[in-house]
Amino acid sequence: MFAPGRRCLVVVGAQWGDEGKGKIVDILSESATVVMRYQGGANAGHTVVCGDEQFILHLIPSGILHPATRCVIGNGVVLNPETLLSEMAELRQRGIESDGRLFLSDRAQLVLPYHLLLDHATERSKKIGTTGRGIGPAYEEKVGRRGIRVGDLRNADRVANLIRANVERANQQLRLMDVEERADFDQHMQLLERVTPALLPLVTDTGWLIHEAIEAGENVLLEGAQGALLDVDHGTYPFVTASNTTAGGASVGAGIGPTAIDVVLGVVKAYTTRVGNGPLPTEAPSDIGDRLREYGGEYGATTGRPRRCGWFDSVVVRYAARINGLTNLAITKLDVLDAFDEISICVAYRTGGETTDTVPAEMGVLESVEPVYETHAGWRCSTADARVLSDLPKEARAYLDRMTELVGAPASYVSVGSRRDQVIEVC
């Protein structure tokens, strides 16, 4: 994917998250000098399998598993400091050192215990299906201009004033929601006193770091979290995350201009999944959905929740291709379909007696659409050992061709298993 004139690459999810971005970023990181996470928080769970080991990364970019790669947490991320330090410690125990390779934006917002209290309390009433990691309240506070940024940790008096005001405000909200739990000012200050010495050495102007790397002709990889249909503006609102998960968010969350981005790689599963509430037009009946979940191990890396499963929805991915400006696709989990006699693809929606090939903004309409399916022959054999396209059965190649035709973007990678080496590089 990296080539002359293609030095800055963005990886985005083109469905509802959980598409397998971690594995694709890990593969691309071998050729990248810098990998940056540009939005989201510890609600993400990027899974990478290296040999017999599995790593689940929530905040640290997947490129950390490559010893020569610098990893950056950008200004668009909301950062739980305890989660970050715990993740660093776990990697160290497993022989992965981040010292001197991990950098943290001084503009990133902190996620603190009172955010988690508010998240749980809000979820009980709204039932959006959040992970409960405090992400929404942290972004809400950021937009409300009350947030605490990593760089604020340099000024203890400022932090104390912000914490006092925010804890009081959080407790007022909890009281109004009839929640008995309360945030404690002293506990928050003790937490920050404990984590600040470990965080500040990581802090830098990460936007400048990325700019300099691009200017020097280095390969820069920007890693998103969640998926396009969870974008706060363009997703299935209100059943979305609190940030811009699309490629436009990469520019803002990394601190670079959009003209610096050369390639936008959309990661999609060969079928469709979703965690939490909200519309899922191609959600399959239990006999098919349960098989997809079982074969694909479809349980959330962060929460362990079972994912809802269904057939590939080309309407959704074509929409994602448009709003992200996808230049290429990485198709994952093709091997999960190995055991099916027939495989369906949604090519359009039927609603109100009419057929449409775009995603409606109104959730009431999207919840009521009837998917229009094409049926394709399955291949009924393992694809796990395929390393070039010609290794795949003709039915699998025909299925991939139809996917890319409907989406309108070429496939650059096809993943046929969880391991690092189980991938077909197409171009």
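Here is a short report on the structure shown in this document. (Residues numbered from 1 in each chain as written. Predicted model: local features only at pLDDT ≥ 70, side-chain atom pairs only at ≥ 80, totals over all residues. Heavy atoms only, no water.)

## Looking at the overall build of the chain
The helix and strand inventory of the chain stands at 12 helices and 20 strands. Counting the 427 residues in the chain, one finds 58% classified as buried. Taking the intrachain contacts of the chain between residues at least 6 apart in sequence as the baseline, contacts between residues at least 24 apart amount to 76%. Total accessible area on the chain stands at roughly 17500 Å², and carbon and sulfur atoms take up 47% of it. Placing the 43 positive and 56 negative side-chain charges of the chain at their respective mean positions leaves the two points 2 Å apart. (Helix = DSSP H or I, 4+ residues; strand = E, 2+ residues; numbered from the N terminus. Buried < 20%, exposed > 50% of the residue type's maximum accessible area, 1.4 Å probe, protein only. Contact = heavy atoms within 4.5 Å. Areas by Shrake-Rupley, 256 points an atom, 1.4 Å probe, with all protein chains shown as cover. Lys, Arg positive; Asp, Glu negative; His and termini not counted. Charge placed at Lys NZ, Arg CZ, Asp CG, Glu CD.)

## Focus: the nonpolar core
Among the nonpolar cores identified, the biggest contains 71 residues, and Leu222, Ile256, Leu334, Leu337 and Tyr399 are the most heavily contacted of them. If we skip the residues at most four places from it in the chain, Leu337 touches Ala270, Tyr271, Leu292, Trp311, Ile343, Trp379 and Tyr399. Counting residues in hydrophobic clusters, the runner-up holds 46 residues, among them Leu112, Tyr114, Leu174 and Val179. (Core = buried A, V, L, I, M, F, W, Y, C linked by side-chain atoms within 4.5 Å.)

## Examining helix H1 (residues 21-29)
With nine of its nine residues buried, H1 lies for the most part within the structure. Looking only at H1, the buried set comprises Lys21, Gly22, Lys23, Ile24, Val25, Asp26, Ile27, Leu28 and Ser29.

## Looking at the environment of Arg182
Inspection of the secondary structure puts Arg182 in the loop between helix H5 (156-176) and helix H6 (185-199). On the basis of relative accessible area, Arg182 is assigned to the partly exposed category, the value being 37%. Along the sequence, Arg182 and Gly289 sit 107 residues apart, while their C-alpha atoms lie 41 Å from each other. Apart from the residues lying within four places of it in its own chain, the contact partners of Arg182 are Leu117, Asn171, Leu174 and Arg175. Within the local environment of Arg182, its side chain forms a polar contact with the backbone oxygen of Glu180, the two atoms lying 3.4 Å apart. (Polar contact = N/O pair within 3.5 Å; in protein donor to acceptor, adjacent residues only side chain to side chain.)

## A short note on the side chain of His66
Relative to the elements of secondary structure, His66 occurs in the loop between strand E4 (53-57) and strand E5 (70-73). For His66, the side chain forms a polar contact with the main-chain oxygen of Asp26, separated by 2.7 Å. The contacts of His66, once residues within four sequence positions are left out, are Asp26, Ser29, Glu30, Arg101 and Arg420.

## Structural notes on the packing of aromatic side chains
All chains considered together, the criterion is met by three aromatic pairs. Residues Trp311 and Phe340 carry aromatic rings whose centres are separated by 5.5 Å and whose planes lie at 75° to one another, so their mutual orientation is edge-to-face. Of this pair, Trp311 sits in the loop between strand E13 (308-310) and strand E14 (312-313) while Phe340 sits in the loop between strand E15 (328-332) and strand E16 (342-351); the two residues are 29 residues apart in sequence, bridging distant segments of the chain. Aromatic pair Trp379 and Tyr399: ring centres 6.0 Å apart, planes at 50°, arrangement tilted. Of this pair, Trp379 sits in the loop between strand E18 (370-377) and helix H12 (394-407) while Tyr399 sits in helix H12, placing them 20 residues apart in sequence. Every member of this aromatic cluster is reached through a ring pair, and the members are Tyr295, Trp311 and Phe340. Between Arg94 and the ring centre of Phe55, over which it is positioned, the NZ or CZ distance is 4.0 Å. Over the ring of Phe185 we find Arg164; its NZ or CZ atom is 4.0 Å from the centre of that ring. (Phe/Tyr/Trp six-rings, centres within 6.5 Å; stacked < 30°, edge-to-face > 60°. Lys NZ or Arg CZ within 6 Å of the ring centre and 35° of its normal.)

## So, the packing of H5 against H6
Where H5 contacts H6, the axes come no closer than 10 Å and their chain directions differ by 140°. Here the hand of the crossing between H5 and H6 comes out right-handed. Contacts between H5 and H6 involve Val159, Ala160, Ile163, Arg164 and Val167 from the former and Phe185, His188, Met189 and Leu192 from the latter. Grouping the constituent residues of the contact of H5 with H6 by class yields seven nonpolar, one polar and one charged. (Axes fitted to C-alpha atoms, helices over the stretch in contact; angles between N-to-C directions. Left-handed = near helix turned anticlockwise from the far one by under 90°. Nonpolar A, V, L, I, M, F, W, Y, C, P; charged D, E, K, R; others polar.)

## Brief notes about the pairing of E15
Of all the five residues making up E15, five are buried; the element is thus mostly covered by neighbouring parts of the structure. Bridge analysis of strand E11 (residues 263-269) against E15 gives five bridges, and the strand direction is parallel. Paired with Val267 across the two strands is Ala330, which belongs to E15. Relative to strand E19 (residues 411-415), E15 runs parallel, the two sharing three bridges. (Pairing = 2+ DSSP bridges.)

## A closer look at the pattern of salt bridges
Inspection of the entire model under this criterion finds 24 salt bridges. Here Arg107 makes a salt bridge to Asp205, at a shortest N to O gap of 3.8 Å. Here the residue Arg107 occupies a position in the loop between strand E7 (102-105) and strand E8 (109-110), and Asp205 occupies one in the loop between strand E9 (203-204) and helix H7 (206-215), the gap between them amounting to 98 residues. Close ionic contact of Asp290 with Arg293 constitutes a salt bridge, the shortest N to O distance being 2.8 Å. Here Asp290 pairs with Arg293, and both are found in helix H9 (residues 286-296), just three residues apart, close to one helical turn. (Salt bridge = Lys/Arg side-chain N within 4 Å of Asp/Glu carboxyl O.)

## Side note on the environment of Tyr299
Looking at where Tyr299 falls in the secondary structure, it is placed in the loop between H9 and E13. By relative accessible area, which is 44% here, Tyr299 ends up partly exposed. As for Tyr299 and Val316, which are separated by 17 residues in sequence, their C-alpha atoms are 21 Å apart. When neighbours within four sequence positions are excluded, Tyr299 is seen to be in contact with Arg293, Gly304, Arg305, Pro306 and Arg307.

## Quick look at H5
Look at H5: 30 Å from first C-alpha to last across 21 residues, which is about the 30 Å you get at 1.5 Å a residue. Of the positions making up H5, those classed as buried are Val159, Ala160, Leu162, Ile163, Asn166, Val167, Ala170, Asn171 and Leu174. Mapping the buried residues of H5 onto a view down its axis gives an arc of 165°, with all of them on the same face. With respect to the buried face of H5, the exposed residues turned more than 90 degrees away are Asp157, Asn161 and Leu176. Two or three places before Asp157, at the opening of H5, Asn155 has a side-chain oxygen 3.2 Å from that residue's backbone nitrogen. Note on H5: the residue one or two positions beyond its end, Asp178, has a positive phi of about 60°. (Expected span 1.5 Å × (residues − 1). Arc of directions from axis to C-beta.)

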